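So the chains spell out like this:
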Amino acid sequence: MIWSLVKIILFVCAVAAIALGAGFLLESQGGVQVVVAGTEFTLGPLESVIALVLLVFAVWVLLKLVGAVIALWHFLNGDETAITRYFARNRQAKGFDALAEGMMALASGEGRMAMTKAAKAEKYLKRPELTDLLTAQAAEMSGDRRKAEQSYRKLIQNEQTRFVGVRGIMKQKLAEGDTATAMELAKKAFALKPRHAETGDVLLKLQAQSSDWAGARNTLHTKLKTGALPRDVHKRRDAVLALSEAKQVFEADQTIEAREAAIEANRLSPDLIPAAVMAAQAYIEQGNKKYATRVIKKAWEAMPHPDLAATFAAIEPEEDAAARLKRFQTLTKLHRDHAETRMLLAELHIANEDFPQARRDLGDLFETDPTARVATLLAAIERGEGAPDNVVKGWLTRALTVPRGPQWVCENCLHIHANWQPVCENCESFDTLAWIKPPMAEVAMPGSVGMLPMIVGNPEPQPAPDLAMIEDAELLDPDAPDDPTENQRT
């Protein structure tokens, strides 16, 4: 309100000033005399002011005309002018419009249309770092892999787009199955952008598939340094890689290096069961039974597992059943209600021919968590107690129809493995195997679910028997020995 009043007052003052000035000029005497070509012009005060205004306007028009002529000269010379900038803005607008239309075509799955718009955008923009990427992706969508690779190679030549080009060719090689070339390209892309999580994961996966464990550990360490990987995940995966490296050294029959690598893997992740087993075996080879016991006990505290019990049994392979039962108290007093502990106790008492106690150890385990191994143990108990063959056959038949229990299952694709390995043999994912129950009941039976695996050790995995094979099994032979553990001990 106040500001509006102020503006009105200022407007009235300006009009009054102009009126006073005009009145003053009309009442003034004299003027300006101008001589042009011998002719004298006398201008009054008001006419002088008008003439001055016209003169200023004429000078302004003249300067504009001179500027236009100079700009036209520069334009014809090829220099940057307002005219060139005008046309450049028009070209840029058309180029970005074509680029936007190309991106929309790419998003809608029209690869050919996107390539056409990318070519048009390149014609107007002259920005290959934008248009080559659109061309490459459109060519991939259209199935023109050669055109896509040419576009990615153009991107490699520009330092700003080099990573995009290398990554694009890497993905092409992966699609073609050329993993060796893809791994080299992944290394270059990872060196350009160590913080890029996807490239680091691809490189780690390729290195693991090719058993380049040392290179994979370096990649993992770089991901930790750049903050692309949490420290706890790094520790676990580094242990997996160290274990894989130890297994590779072990297969090469370099026992000292294998022992050191296995112990290092167990130190990095004590709860990694395969690492604990291999480290304990290394200590057993060294004759260091105390450290082997400590390793197995710590891993058992994390999660009871039949491989741990089999390795624990291997610490004293010559002991009798009673001594073994007493020594195994180191493990059996931990997780007393765990299914694995209860089955372990049952097996130990079967080996000691204490069948009633073995049955008490199992309790209602078959009702609450029926597995093939529990059914097999009950068959052994029935045989040991002198039950008829049809009772034993009944339990063994049940062993073929109930779930097999926990196994090494890939959490990514749910593929079941007989033994642990760092890379899934089905989907090739890294560090995805877990000791869990498979989602289906009928699965392949690894060797660790056979009868008495803790007592006889950890045999090589065998295929699951079918029902027809059960009829011919020696265990079901009426002439078989009464002691159900005789064959197991041999």
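Look a little higher up for the structure.
In this text the structure is predicted, and so the values were computed from the model without any measurement.

Parameters and conventions
- Residues numbered from 1 in each chain as written.
- Predicted model: local features only at pLDDT ≥ 70, side-chain atom pairs only at ≥ 80, totals over all residues.
- Heavy atoms only, no water.
- Helix = DSSP H or I, 4+ residues; strand = E, 2+ residues; numbered from the N terminus.
- Buried < 20%, exposed > 50% of the residue type's maximum accessible area, 1.4 Å probe, protein only.
- Contact = heavy atoms within 4.5 Å.
- Areas by Shrake-Rupley, 256 points an atom, 1.4 Å probe, with all protein chains shown as cover.
- Pairing = 2+ DSSP bridges.
- Phe/Tyr/Trp six-rings, centres within 6.5 Å; stacked < 30°, edge-to-face > 60°.
- Lys NZ or Arg CZ within 6 Å of the ring centre and 35° of its normal.
- Patch = residues over 30% accessible without salt bridge, like charges linked within 9 Å, V, L, I, M, F, W, Y side chains within 5 Å.
- Salt bridge = Lys/Arg side-chain N within 4 Å of Asp/Glu carboxyl O.
- Core = buried A, V, L, I, M, F, W, Y, C linked by side-chain atoms within 4.5 Å.
- Expected span 1.5 Å × (residues − 1).
- Arc of directions from axis to C-beta.
- Axes fitted to C-alpha atoms, helices over the stretch in contact; angles between N-to-C directions.
- Parallel < 35°, antiparallel > 145°, perpendicular 65-115°, else oblique.
- Left-handed = near helix turned anticlockwise from the far one by under 90°.
- Nonpolar A, V, L, I, M, F, W, Y, C, P; charged D, E, K, R; others polar.

Quick notes on the overall build of the protein
Here's step 1: Counting secondary structure elements, the protein contains 25 helices and five strands.
Here's step 2: Taking all 490 residues of the protein together, 39% fall into the buried category.
Here's step 3: For the protein, long-range pairs separated by at least 24 residues make up 53% of all intrachain contacts whose partners lie at least 6 apart in sequence.
Here's step 4: For the protein, the exposed area adds up to about 27,700 Å²; of that, 57% sits on carbon and sulfur atoms.

Here we look at the pairing of strand E3 (residues 407-410)
Here's step 1: The side-chain alternation of E3 yields two buried faces, one formed by Gln407 and Val409 and the other by Trp408 and Cys410.
Here's step 2: Pairing analysis gives four bridges linking E3 to strand E5 (residues 433-436), with the strands arranged antiparallel. Following the sheet pairing, Val409 is matched in E5 by Ala434.
Here's step 3: As paired elements, E3 and strand E4 (residues 416-417) share two bridges and run antiparallel to each other. Across the sheet, the residue bridging to Val409 is Ile416, located in E4.
Here's step 4: The turn linking E3 back onto E4 is made up of five residues, and Leu414 within it adopts a positive phi angle of 65°.

A look at the packing of aromatic side chains
Here's step 1: What the rule picks out here adds up to five aromatic pairs.
Here's step 2: Here the aromatic rings of Phe312 and Phe328 are separated by 4.9 Å at their centres, their planes lie at 85°, and the arrangement is edge-to-face. One end of the pair, Phe312, is in helix H15 (residues 306-314); the other, Phe328, is in the loop between helix H16 (321-327) and helix H17 (329-332), and 16 residues separate them in sequence.
Here's step 3: Aromatic pair Trp408 and Trp435: ring centres 5.3 Å apart, planes at 65°, arrangement edge-to-face. You can see Trp408 sitting in strand E3 and its partner Trp435 sitting in strand E5, a full 27 residues away along the chain. One exposure class covers both Trp408 and Trp435, and it is buried.
Here's step 4: For the cation-ring pair, Lys123 lies above Tyr124, with the distance from its terminal atom to the ring centre recorded as 5.8 Å.
Here's step 5: Cation over ring: Arg327 sits above Phe312, and NZ or CZ is 4.5 Å from the ring centre.

Focus: the sheet that holds E4
For sheets, the rule is that strands pair by backbone hydrogen bonds, running either parallel or antiparallel.
Here's step 1: Sheet architecture is open: three strands sit in the order E4-E3-E5, paired in antiparallel fashion. Where the open sheet ends on each side, the last strands, each with one partner, are E4 and E5.

Here's the deal with a nonpolar patch on the surface
Here's step 1: The grouping of Met1, Ile2, Trp3, Val6 and Leu10 at the surface amounts to a nonpolar patch, some 660 Å² of accessible area in total.
Here's step 2: Looking at the secondary structure, you find Val6 in helix H1 (residues 2-27).
Here's step 3: For Val6, a relative accessible area of 32% translates into the label partly exposed.

A short note on the pattern of salt bridges
Here's step 1: Applying the stated criterion to the full structure yields 20 salt bridges.
Here's step 2: The closest approach of N and O atoms between Asp361 and Arg336, which form a salt bridge, is 3.5 Å. Of this pair, Asp361 sits in helix H19 (residues 355-362) while Arg336 sits in the loop between H17 and helix H18 (339-351), placing them 25 residues apart in sequence.
Here's step 3: With relative accessibility at 38%, the residue Arg336 sits in the partly exposed group.
Here's step 4: Within the structure, one salt-bridge network assembled from shared partners comprises Arg145, Lys173 and Glu176.

Some thoughts on the nonpolar core
Here's step 1: Ranked by size, the top nonpolar core spans 49 residues in total, and within it Leu241, Leu243, Trp300, Leu308, Phe328 and Phe430 carry the most contacts.
Here's step 2: Per-element tally for this core: the top contributor is helix H13 (residues 273-286), with eight residues.
Here's step 3: In this structure, Phe328 is in contact with Ala309, Phe312, Ala313, Leu344 and Leu348, ignoring residues within four places of it in sequence.
Here's step 4: One finds Ala136, Ala138, Leu155 and Ala189 within the second-largest nonpolar core, a separate group that totals 29 residues.

Remarks on the side chain of Thr341
Here's step 1: By the element assignment, Thr341 lies in helix H18.
Here's step 2: Look at Thr341 and you get buried, because its relative accessible area is 0%.
Here's step 3: Once residues within four sequence positions are removed from consideration, Thr341 is found in contact with Trp300, Pro304, Thr332, Leu334, His335 and Arg336.

Examining helix H6 (residues 145-156)
Here's step 1: Between its first and last C-alpha, H6 extends 16 Å over twelve residues, near the 16 Å set by a 1.5 Å rise per residue.
Here's step 2: What H6 keeps buried is the set Ala148, Glu149, Ser151, Tyr152 and Leu155. Buried residues in H6, looked at end-on, bunch into an arc of 160°, giving them a common side.
Here's step 3: Contacts from the buried residues of H6 go to helix H5 (128-142) and helix H7 (162-176).

Here we look at the packing of helix H9 (residues 197-209) against helix H10 (residues 213-225)
Here's step 1: Direction vectors running N to C along H9 and H10 enclose 160°, while the axes themselves pass 8 Å from each other. When the axis of H9 is compared with that of H10, the two are roughly antiparallel. Here H9 and H10 pass one another in a crossing that is left-handed. The residues of H10 that touch H9, namely those facing Ala197, Gly200, Asp201, Leu203, Leu204, Gln207 and Ala208, are Trp213, Gly215, Ala216, Thr219, Leu220 and Lys223.
Here's step 2: Residues belonging to the contact of H9 with H10 are distributed by class as follows: seven nonpolar, four polar and two charged.

Geometric values such as these leave the question of function open.
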